[in-house]
Structures are given as C-alpha cells and as structure tokens.
Amino acid sequence: MAERIMAGRPTPKSSRRNTTRGTTTKPMAPTPTPDEAWELLEIKLAQLNSLLWCCYGDGNGWFEEAGEKHRDHMLWIAADLAREAEMLLEVSGRG
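Criteria and cut-off values
- Residues numbered from 1 in each chain as written.
- Predicted model: local features only at pLDDT ≥ 70, side-chain atom pairs only at ≥ 80, totals over all residues.
- Heavy atoms only, no water.
- Salt bridge = Lys/Arg side-chain N within 4 Å of Asp/Glu carboxyl O.
- Helix = DSSP H or I, 4+ residues; strand = E, 2+ residues; numbered from the N terminus.
- Buried < 20%, exposed > 50% of the residue type's maximum accessible area, 1.4 Å probe, protein only.
- Contact = heavy atoms within 4.5 Å.
- Expected span 1.5 Å × (residues − 1).

Some words on the pattern of salt bridges
Next up, step 1: Applying the stated rule across the entire model yields three salt bridges.
Next up, step 2: Arg-94 is paired through a salt bridge with Asp-35; the nearest N and O atoms lie 3.3 Å apart. Here Asp-35 lies in helix H1 (residues 34–57) and Arg-94 lies in the segment after helix H3 (68–92), a separation of 59 residues in the sequence.
Next up, step 3: The closest approach of N and O atoms between Arg-83 and Asp-80, which form a salt bridge, is 2.6 Å. Of this pair, Arg-83 and Asp-80 both sit in helix H3, three residues apart, which is roughly one turn of that helix.

Okay, here's the thing in structure tokens:
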C-alpha cells in the first residue's frame, strides 16, 4: 500500500496502522487542535471545490455521462467532504 495519499499531505505517523503479532490495529485519530482543524478545513474545501468543478464546473457533460453508479459515488464523496468540513469548522472555533 502507498505510504501517503498523492493528492494530499503525508499521513501523520501517529495515525498509521500498527502491526503487533500479525494483527493490524488502527489507533483512534486524536482530535485536531483549532489550528490543525483550520488547516484541514482548507484542504477539505479545496478537495470539494475540485471535485465539484470536475463534475459540473466546466460544463463538459462528463458527470451526466459517468453513469448512475459513479454519479452516486461522486455525490457521496462530496457529502462526506462537506460533513468533514463542517466538523472541522466547529473544532477550529472560527465558525
């Protein structure tokens, strides 16, 4: 598996999976500080903006041609990003 997501920042070492005696566990992600939440919010909003631009922004019709399954998945991604952005805004204390 890739060590990091190519479109974003490297995964912090504290949130990488740990392997002990053949079992894999994923530690709970710590609550970000307000400054970290603000930075993550900026990233999520940039991702959401790019996703929506690809689906609709240039009017090329790709979204309609993608098929129902892919359109559903794209909207699911957009909804998840928006929900995460809302949570990060609350944690940042700037909203």
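Having seen the model, we can carry on.
Re H1
Next up, step 1: Within the span of H1, buried status applies to Ala-37, Leu-41, Leu-48, Leu-51 and Cys-55.
Next up, step 2: Buried residues along H1 sit against helix H2 (62–65) and H3.

Topic: H3
Next up, step 1: Along its 25 residues, H3 runs 36 Å from first to last C-alpha, staying within 8% of the 36 Å computed at 1.5 Å per residue.
Next up, step 2: If you check which residues of H3 are buried, you get Met-74, Ala-78, Leu-81, Ala-85, Leu-88 and Ser-92.
Next up, step 3: The inward-facing, buried residues of H3 abut H1 and H2.
Next up, step 4: Where H3 ends, the next residue or the one after it, Gly-93, has phi of about 75°, a positive value.

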